[in-house]
Structures are given as structure tokens and as C-alpha cells.
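Structure assessment
Read off the chains here:
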Amino acid sequence: GPGRTARFSRPLSVAVDGAGNVFVADAGNGVIRKLTSAGEVTTLAGTAGASGTADGTGAAARFNYPMAVTVDGAGNLYVADTKNHTIRKITPAGEVTTLAGTAGAAGSVDGTGSAARFSSPTGVCVDGAGTVYVADTGNHTIRQITSAGEVTTLAGTAGAAGSVDGTGSAARFGSPVGVGLDDAGNVFVTDAGNGTIRRIKLAGAGVVTTYAGTAGESGTTDGPGSAAHFYRPSGMAVTADGTVYIADEVAFTIRRIASDGAVTTLAGVPFGTVDGEGSVAEFVSPVGAAVDGVGNLYVADAGTGTIRKITRAGVVSTVAGGFEEAEGVAVDGAGNLYVADMGTSTIRR
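This write-up is about the structure you can find in this document. The residue count restarts for each chain, going from 1 along the sequence in the order it is written. Note on the predicted model: pLDDT of at least 70 is required for a residue's local features to be given, and 80 or more for side-chain atom pairs to be given and counted; whole-chain, interface and lining totals, by contrast, use all residues. In computing side-chain properties, one takes all heavy atoms of the structure into account and sets aside hydrogens as well as water.

1. Overview of the overall build of the protein
Here a strand is any run of E in DSSP of at least two residues, a helix any run of H or I of at least four, and the numbering for each starts at the N terminus. Along the backbone of the protein there are 0 helices and 32 strands. Its C-alpha atoms give the protein a radius of gyration of 19 Å, near enough to 20 Å, the size a compact globule of 349 residues would have. Across its three principal axes, the protein shows a C-alpha extent of roughly 50 × 50 × 30 Å. In this description, contact between two residues means that some pair of their heavy atoms is separated by no more than 4.5 Å. Counted over contacts in the protein with a minimum sequence separation of 6, partners at least 24 positions apart contribute 37%. Accessible surface area values rest on a Shrake-Rupley calculation with a 1.4 Å probe, where residue burial reflects the displayed protein chains alone. For the protein, the accessible surface area stands at approximately 12,900 Å², while carbon and sulfur atoms represent 49% of it. The globule rule is 2.2 Å times the number of residues to the power 0.38, and the radius of gyration it is compared with is taken over C-alpha atoms.

If you want it as C-alpha cells, here you go:
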């Protein structure tokens, strides 16, 4: 229905297309929802409360706790159908197919379509050529899927958790949960189990490096590369110039990683609700981040139920409140903010 008359159950991920439509992975209901720029919410695919594995169009399709969604330039959606251990594709008309994996069959097998296997994938992103990148959390690997459904393991070795830099299968991750792309063809990974940010260079053989942080050494230290420390890096936003913003949830701070790998604390000191510039500002459990077209950073501060804005100069202000548990935020080209308010099961604009 329209706006706040609509209801969600554990919306965990959002994606925005070029027309300003917001797509929601409504995990608790097992469906994918669509929110138009006019504020009208519809169910694009799946039937609320009816989990399953079926492909089909619209309400005939079934999902099992979809946790992540992304959208390509043609309006196709890609969904990490986490408890089915599959990656699904939804056309703009709502036709759902299984792009890769077999429902209910967890594992780690490279192959095409249903021959491939995943283990609780929780993150997806897609590039301009239609290649999908997957944080295969249960396998501690990063996978890639071509538009034809051919799955390969880009980096890491299934079942071998750790923190090792290297090429392809020689690298190790610890429960990676998020993936993102920059304009230079690098895949950034939130390596949650290690408390680090990793980078995979797509050019060549998939060389993995630790972009920032040191595995096993938590803290709030700023500095270049491995000299920096994070507690639990959560949400990530990457700008066109390669600057990476990290919501360091447990440290209650917003960190910035420059293109040379230098980490600084953009805003926040543990812990509170104060607005201000730089270290004067305070956050409580910042978990989501997004950047607008002019470089302002928006943060979902879950602990205070507010949306905060940080200018390029580092000035923090509270731009919206009245949220119970703001978990994620995204910005469209017109400067509208979309907020996943998990505590009230709503998407706010």
C-alpha cells in the first residue's frame, strides 16, 4: 500500500535503480518488495509467509530468507537467497529464476547454474557487464557468476577460514559478509570475522590484499593500511574516486579510507548522540552508510534511531529522527534518503 500503511518483516537490504525505485529484501516475509518514487509499496516477487524454492513470476515464486539484493543497469535484480543457498535473478517484470546453486544443497562447487553450490551467501553486487559477486559467508570465499550462470571462486578456499593475502585460492577470509565495487575494477570486502577491509584486484588473477586494518587486532587506531585498527567494520560506501567509508559499529565511529589506504576517523567518539565537527560528534552503533552525488555521507545510527549527515568537511548533524532501529540507508540521485527502520518494520524516506 501507500507509504506508511505498508508493512515489512525484517527488511535487511535495499537497492535503488536508475528511476529511483527502491527494492527491499524483506527477509522475514520471504519476499522482494518494490517501493516507487511515489511511495507505493508492492510485492514484486514471492508470497509473504510462504517460504520455498519455486521459480516463477510474481507471487508464484518462493524464497527462503533472502538477505541481500542488488540491481543492474537494465533493472534486473539479483538476490542472495540465504537459507536456500542460491542466487536468484528477477527481471523487471517479476520473473524469478535461479541463476546459480541448488536450493537446500549447501556446499562449495564451481560450475554452471544448478551444478554450483553455495553456503549461506549474504552479500551480492553486480558490475556493468552483468557479473555478480557474492560473499559466500559460510564458505569464507568470494565467488563470481557470469551472466550465463557460470560460477567460479574468485578468492579464498572453501572451509578454510583465516586471514591470508594472496592470489585466488591462496587467500583466506573470515566470514565475509559484504561486497562492493569501485570504478577501477576492485572488489572491496567487509571481512567481518577478521575486522579488516580486503581488496581484490579483478585485473589479473584476483590478487587479494588487506586494504586496511590488521586481522585479530581490534581498536580505534588511525593510520596507513595495517597500522589502522577496527572493531567491527559494518556498512560500507565507496565513492567514484575510490574513497571508502566504513561504519565501525562497535567503535561508534565513522572511518574514512583514502585511495592510498590511509585510515582516519571522520567523525565520532564513543559514545553518544552529540552533533558537531570531527571528534566532537558521537554515535551509538552506526551500521549503514551511503554517499550522495556531492560527497555527503549519510549514516544509519541504529543505537539512537537517527539518520546522521556528515559533510565533506566532517561536520555531523542529525537530519532525521523518530526511528526505532535504523539499520541501513541509501541515497538516490535526487538527494532523497531511504532508511530501513528495522525496529518498526518500515522503509522511510
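2. Details of the packing of aromatic side chains
Think of it this way: a Phe, Tyr or Trp ring, Trp meaning its six-membered ring, pairs with another when their centres are within 6.5 Å, and the plane angle makes it stacked under 30 degrees, edge-to-face over 60, tilted otherwise. By the definition in use, this model includes 1 aromatic pair. A ring pair is formed by Phe 188 and Tyr 211, whose centres lie 5.2 Å apart and whose planes are at 70 degrees; its orientation type is edge-to-face. Placement of the pair is Phe 188 in strand S17 (residues 186–191) and Tyr 211 in strand S19 (residues 207–212), with a sequence separation of 23 residues.

3. Things to note about the sheet that holds strand S7 (residues 77–81)
Strand pairing is assigned whenever DSSP identifies at least 2 bridges connecting the two strands. Read from one edge to the other, the open sheet built from 5 strands follows the order S5-S9-S8-S7-S6, with strand pairing classed as antiparallel. Two strands close off the open sheet at either side, each with one partner strand: strand S5 (56–57) and strand S6 (66–71). Pairing geometry for S6 and S7, over 5 bridges, is antiparallel. Within the sheet, the bridge partner assigned to Pro 66 lies in S7 and is Asp 81.

4. Observations regarding the side chain of Arg 199
One can find Arg 199 in strand S18 (residues 196–201). Among residues more than four places away in sequence, those in contact with Arg 199 are Asn 186, Val 187, Phe 188, Val 207, Val 208, Thr 209 and Tyr 211.

5. Description of the environment of Thr 167
Take Thr 167: it is sitting in strand S15 (residues 166–167). To sort residues, take the accessible area from a 1.4 Å probe on protein chains only and compare it with the maximum for the residue type: under 20% means buried, over 50% means exposed, and anything in between is partly exposed. Look at Thr 167 and you get partly exposed, because its relative accessible area is 39%. Along the chain, Thr 167 and Thr 190 lie 23 residues apart, while their C-alpha atoms are 18 Å from each other. If near-sequence neighbours (up to four positions away) are discounted, Thr 167 is found in contact with Ala 205, Gly 206 and Val 207.

6. A short note on the pairing of S18
Here S18 lies mainly inside the structure; 5 of its 6 residues are buried. As defined by bridge partners, S17 adjoins S18 across 6 bridges and the pair is classed as antiparallel. Counterpart to Thr 190 in the pairing with S18 is Ile 197. Joining the antiparallel neighbours S17 and S18 is a turn of 4 residues, in which Gly 195 adopts a positive phi near 70 degrees. Across 5 bridges, S18 lies against S19 in antiparallel orientation. Of the residues in S19, the one forming a bridge with Arg 199 is Thr 209. Here S18 folds back onto S19, and the loop between the two strands holds 5 residues, one of which, Gly 204, carries a positive phi near 95 degrees.

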